[in-house]
Amino acid sequence: MPHILRILLAVLLLQPALSVAAEPAVPDHPIAIVIHGGAGTITRKDMTPEMDAEYRAALKQALEAGYTVLKQGGRSLDAVQAAIRVMEDSPLFNAGKGAVFAHNGKNELDAALMDGSTLKAGAVAGVEHIKNPIDLARLVMEKTPHVMLMGEGAEEFARSQGVPLVPASYFFTQRRWDELQRALKMEADDRRASLEQYPGTTAHGFGTVGAVALDRRGELAAGTSTGGLNNKYYGRVGDSPIIGAGTYADGRSCGVSGTGTGEYFIRLGLAKGISDLMRFKGMSVQAAADQLVLHDLVELGGADSGGAIAMDKDGNIRMPFNTEGMYRAYIDTAGKEFVAIYKDE
């Protein structure tokens with residue numbers, strides 16, 4: 001066989017192997033998702049069996065909406081957004097449809113989303129006509145050079161992006177309205193009460209929704225959405241849309257979403273604080289989350305003030321809270337599903 005033919009034959013024989021080697025590897029990092037639906041004085045005696053079942057079903061629906069995205073190879077950002085959107089559409093949670101009322105009888109919504117692989121983030125605050133604030137937060141992140149837009153400016157941006165605005169009446173629920181009326185009556189009956197004490201806060205009017213997800217690429221994302229605090233000052237913004245306070249994700253450490261009295265979370269920089277303890281002190285996600293929520297938050301005066309969900313880059317999950325309960329759920333890297341409400345679960 002001539003020398004040139006032997007070379008051509010060798011090339012042809014090697015070609016399939018070369019083609020296989022050139023194909024990119026399919027991402028196959030273990031996936032996981034953890035969500036919360038708010039923390040507060042949530043006890044079994046406050047919940048009928050029907051309410052208990054309803055909340056668990058809603059948490060399961062949101063959890064599985066996000067997990068389905070991950071199973072299909074979708075990004076962690078998409079999974080977080082999908083899970084939170086389900087809870088925003090439910091009247092059960094203090095976000096979107098179920099948002100509490102401010103002192104002036106209006107609903108003011110906040111949300112944030114963060115990509116742990118790039119540290120890009122988007123947030124909106126004080127919007128009154130956005131059905132799914134988490135969707136608008138995503139648009140702020142991807143379509144503007146900014147991190148946060150608020151109020152009328154955020155809603156004008158929404159219109160420019162083709163996001164439909166809903167009337168304020170969309171957010172009206174009788175339960176939330178009654179909570180506000182009870183708070184206002186408490187103020188009228190007790191001159192010592194003040195808005196700073198949020199006297200109308202209840203088990204179901206105190207909270208937020210959030211999610212953290214880890215996708216097949218090994219990328220983390222976190223998001224949070226809330227209606228704030230029942231009977232809050234008009235114009236008050238809590239920790240949820242503030243990157244580093246109530247929402248944070250860093251692929252080198254963890255993703256975090258908080259729920260509770262945001263003023264404490266803001267002053268501590270709680271979400272980024274958990275990440276920093278992991279990055280710079282070498283702490284595990286369990287130890288770091290417990291330090292911030294169960295110790296630092298309490299020492300600052302935030303006993304019975306809330307909780308957080310956190311997940312590290314390996315899919316380890318922690319859900320500390322210093323209240324009587326927190327609506328919470330996860331599917332871990334082994335595929336185990338967990339849904340809980342009370343402290344003793």
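Just so it is clear, the model here is predicted, and its values are computed rather than measured.

Draft legend 1. Up close: the packing of helix α4 (residues 133-143) against helix α5 (residues 151-160). Closest axis-to-axis distance for the α4/α5 pair is 11 Å, and the angle between their directions is 80°. Our classification of the angle between α4 and α5 gives roughly perpendicular. Across the interface between the two elements, L136, L139, V140 and K143 from α4 touch A154, F157 and A158 from α5. Of the residues in the contact of α4 with α5, the class split is 6 nonpolar, no polar and 1 charged.

Draft legend 2. Representation of the sheet that holds strand β6 (residues 220-226) in the model. Reading across the sheet, the 8 strands line up as β4-β3-β2-β6-β5-β1-β11-β12 and stay open at both edges, with mixed pairing between neighbours. The open sheet terminates on both sides in strands that have one partner only, identified here as β4 (148-150) and β12 (337-342). Looking at each pair of strands side by side, their axes are set apart by 5° on average, direction ignored. As paired elements, strand β1 (residues 32-40) and strand β5 (residues 209-214) share 5 bridges and run antiparallel to each other. The partner of I33 across the bridge, within β5, is A213. Against the sheet, helix α3 (residues 76-88) contacts β1, β2 (109-115), β5 and β6, and its axis sits at roughly 155° relative to β5.

Draft legend 3. Expanded view of the confidence of the model for the protein. Summarising the model, the protein shows a mean pLDDT of 90, and 88% of its residues fall at 70 or more. Low pLDDT, under 50, characterises residues 7-24; the stretch is placed with 1 contact to residues that sit more than four places away or in other chains. Note that residues 193-205 has pLDDT below 50 and, in this model, 40 contacts with residues that lie over four places away or in other chains.

Draft legend 4. Local environment of the sheet that holds strand β7 (residues 247-249). With antiparallel pairing, the 4 strands of this open sheet are ordered in space as β7-β8-β9-β10. Strands at the two margins of the open sheet, each flanked by one partner only, are β7 and β10 (317-318). In the sheet, β7 pairs with strand β8 (residues 254-260) via 3 bridges, with the strands oriented antiparallel. Within β8, the residue paired with T247 across the bridge is S257.

Draft legend 5. Focus on the layout of surface pockets. By volume, the largest pocket amounts to about 230 Å³. If you go around the largest pocket, you meet 14 residues; those closest to its centre are G126, E128, G151, E152 and Y234. The set of elements that each furnish at least two residues to the lining of the largest pocket consists of β3 (120-127) and α5. Residue contributions to the lining of the largest pocket peak at 3 residues, all from α5. Looking at the lining of the largest pocket, its residues break down into 4 nonpolar, 4 polar and 6 charged.

Draft legend 6. Structural detail: the side chain of S257. Turning to its location among the elements, S257 is positioned in strand β8. Note on S257: relative accessible area 0%, which makes it buried. With near-sequence residues (within four places) excluded, S257 lies in contact with H36, V209, G210, A211, V212, G223, T224, G246, A308 and I309.

Draft legend 7. Region of interest: the pattern of salt bridges. Scanning the entire structure with this criterion turns up 21 salt bridges. The closest approach of N and O atoms between R44 and D344, which form a salt bridge, is 2.8 Å. Highlighted residues: R44 in the loop between β1 and α2 (49-71) and D344 in the segment after β12, separated in sequence by 300 residues. Accessibility expressed as a relative area gives 45% for R44, which makes it partly exposed.

Draft legend 8. Highlighting empty space enclosed by the protein. In the structure shown here, the tally under the stated rule is 2 cavities of 30 Å³ or more. The volume enclosed by the largest cavity comes to roughly 60 Å³. Lining the largest cavity we find G207, T208, T226, G228, L229, R236, G238, D239, S240, G260 and G262. Broken down by class, the residue content of the lining of the largest cavity amounts to 1 nonpolar, 8 polar and 2 charged.

Conventions adopted
Residues numbered from 1 in each chain as written. Predicted model: local features only at pLDDT ≥ 70, side-chain atom pairs only at ≥ 80, totals over all residues. Heavy atoms only, no water. Axes fitted to C-alpha atoms, helices over the stretch in contact; angles between N-to-C directions. Helix = DSSP H or I, 4+ residues; strand = E, 2+ residues; numbered from the N terminus. Parallel < 35°, antiparallel > 145°, perpendicular 65-115°, else oblique. Contact = heavy atoms within 4.5 Å. Nonpolar A, V, L, I, M, F, W, Y, C, P; charged D, E, K, R; others polar. Pairing = 2+ DSSP bridges. pLDDT = per-residue confidence, 0-100. 1 Å grid on protein atoms, 1.4 Å probe; cavity = no way out; pocket = protein on both sides within 12 Å on 5 of 7 lines; lining within 4 Å. Points joined across faces, edges and corners; volume = space filled by probe spheres on them. Buried < 20%, exposed > 50% of the residue type's maximum accessible area, 1.4 Å probe, protein only. Salt bridge = Lys/Arg side-chain N within 4 Å of Asp/Glu carboxyl O.

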